[in-house]
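For reference, the chains in residue letters:
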Amino acid sequence: MNQPLVAGNWKMHKNIRETREFLHSLIKLLRPPLPCEVAIFPPFTSLPAAAEILTDSGIALGAQNVHWEPTGAFTGEISPLFLVELGCRYCIIGHSERRLLFGETDEICNRKIKAAQSAGLRPILCCGETLEERNAHQTIEILRRQLEKGLKGITSADLDIAYEPVWAIGTGHTATPDQAAEIHNWIHLWLRSRFDDAADHIRVLYGGSVKPENAMALIRQTGVDGLLVGGASLDVNTFSIIVNSFKEGQSVFS
Ligand code: PGA
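Predicted, not measured: the structure shown is a model, and the values here were computed from it. (Residues numbered from 1 in each chain as written. Predicted model: local features only at pLDDT ≥ 70, side-chain atom pairs only at ≥ 80, totals over all residues. Heavy atoms only, no water.)

**Re the UniProt feature "active site" (unreviewed entry) in the protein**
Working step 1: UniProt records the feature "active site" (unreviewed entry) at His95 and Glu164, using the numbering of this structure. Spanning 70 residues, the named residues nonetheless gather at one spot, since no C-alpha pair among them exceeds 8.3 Å. Lining the largest pocket, from this annotated set, are His95.
Working step 2: The topology assignment puts His95 in the loop between strand 4 (90–93) and helix 4 (96–102).
Working step 3: Judged by relative accessible area, which is 5%, His95 ranks as buried.
Working step 4: Discounting residues that sit within four places of it in the chain, His95 has contacts with Asn9, Lys11, Cys126, Glu164 and Ile169.
Working step 5: Structurally, Glu164 can be placed in the loop between strand 6 (160–163) and helix 8 (177–195).
Working step 6: Once residues within four sequence positions are removed from consideration, Glu164 is found in contact with His95, Cys126, Cys127, Gly128, Ile169, Gly207, Gly208 and Leu228. (UniProt positions renumbered as here; feature names shortened; annotations may be inferred. 1 Å grid on protein atoms, 1.4 Å probe; cavity = no way out; pocket = protein on both sides within 12 Å on 5 of 7 lines; lining within 4 Å. Helix = DSSP H or I, 4+ residues; strand = E, 2+ residues; numbered from the N terminus. Buried < 20%, exposed > 50% of the residue type's maximum accessible area, 1.4 Å probe, protein only. Contact = heavy atoms within 4.5 Å.)

**A few points about the site of the ligand**
Working step 1: Around the ligand, the neighbouring residues are Asn9, Lys11, His95, Glu164, Ala168, Ile169, Gly170, Gly208, Ser209, Leu228, Gly230 and Gly231.
Working step 2: Residue Ser209 places a main-chain N or O atom 2.7 Å away from an oxygen atom belonging to the ligand.
Working step 3: Contact with the protein chains removes 95% of the 280 Å² of surface that the ligand exposes when unbound.
Working step 4: Taken together, the residues of the shell around the ligand sort by class into three nonpolar, seven polar and two charged. (Near = heavy atom within 4 Å. Polar contact = N/O pair within 3.5 Å; in protein donor to acceptor, adjacent residues only side chain to side chain. Areas by Shrake-Rupley, 256 points an atom, 1.4 Å probe, with all protein chains shown as cover. Nonpolar A, V, L, I, M, F, W, Y, C, P; charged D, E, K, R; others polar.)

**Overview of the packing of helix 7 (residues 139–150) against helix 8**
Geometrically, a packed helix pair is captured by the angle between its two axes and the distance between the axes.
Working step 1: It is at 11 Å that the axes of helix 7 and helix 8 come closest, and there the two elements cross at 40°. In this view, helix 7 runs oblique relative to helix 8, as classed from their interaxial angle. With respect to the hand of their crossing, helix 7 and helix 8 are arranged in right-handed fashion. Mapping the contact onto sequence places Thr139, Ile140, Leu143, Arg144, Leu147 and Glu148 in helix 7 and Ile183, Trp186, Ile187 and Trp190 in helix 8.
Working step 2: Per-class residue counts for the contact of helix 7 with helix 8 are seven nonpolar, one polar and two charged. (Axes fitted to C-alpha atoms, helices over the stretch in contact; angles between N-to-C directions. Parallel < 35°, antiparallel > 145°, perpendicular 65-115°, else oblique. Left-handed = near helix turned anticlockwise from the far one by under 90°.)

**Quick look at the state of the cysteines**
Working step 1: Enumeration over the complete set of coordinates arrives at zero disulfides.
Working step 2: Cys36 carries a free sulfur, and the closest cysteine sulfur to it, the one in Cys126, is 18 Å from it.
Working step 3: You can see Cys126 has no disulfide; the closest cysteine sulfur is in Cys127, sitting 7.6 Å from it.
Working step 4: A relative accessible area of 2% means that Cys126 is categorised as buried. (Disulfide = S-S within 2.5 Å.)

Pasting the structure below:
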C-alpha cells in the first residue's frame, strides 16, 4: 500500500536561487518522519539544484513534462532517461495546461506514460473536465475517455492519477469535498476494473486551488489519496501546512 502523496507543481516559477532557498527551508520545516510522501516538481532548469539539495531528505523530485522517446532528433524536448539520471522519481503527464495550451492529446499522454514507465519514472496522469463539460453533464464521459485512451496498453500500475477539474485550477474555486469524493470513487472503480488488485497501488490525487483552508476536508474524503498543489506550493510555509494536514486528516486510503 502506498502512502498518500502531496505534490507541489511549481509550473514556470522559481529560478535556481529561489529553488535552493525554498528547499532548504522546506527541509527545516518538514522534520522526519514525514506525515505523507512529498514530491516537488520544479522547472527543468532547477532540477539539478533541487536534486542535490533533496538527496537523503526523504522528499522526492519530479518533472512537469517529458518526451515520449528516449533519445533522438527532438529539438527542445527532454528524455525520460535524462530525468531519471537527475534523480527524478515522478513525472506529471497531461496537465490541463499542456492539453489546452500546447495541444497535448490523450494519444500523446499515452506515449509519454509508456516512455516514462520504461525509463523507471512513475507518471502522474492528470485528467479533468472543463466548466462547460461539467455543466453539460459530460464529466464522467470526459474522464472515461482520458483514462481509456491515456492508459491504453499500460499494464504496470506504477503510476498515479490526478483529478484536476479544469474549472478549479488557479481559479480559487475548489471542488467541494463531496464533488471530489464522487469523482475519486468513480476513478477508483474504473482503475479496479482495468488493473484488478494492482489498482490498490494507484493513488488518485486531487488538484485545483488546494489551500491550507481546504486541504483537510479534501483528504478526509475516501478515495482522495493525496493532493497536487499548484499556486499554494510556491510559498514554503503554506505548502508545509498543507503537507502537515496529513498528520491529523489522514484519508482512509483505499
Ligand atoms: P492550483 O494548480 O493549485 O494553482 O489550482 C493546480 C495544478 O495546476 O496542478
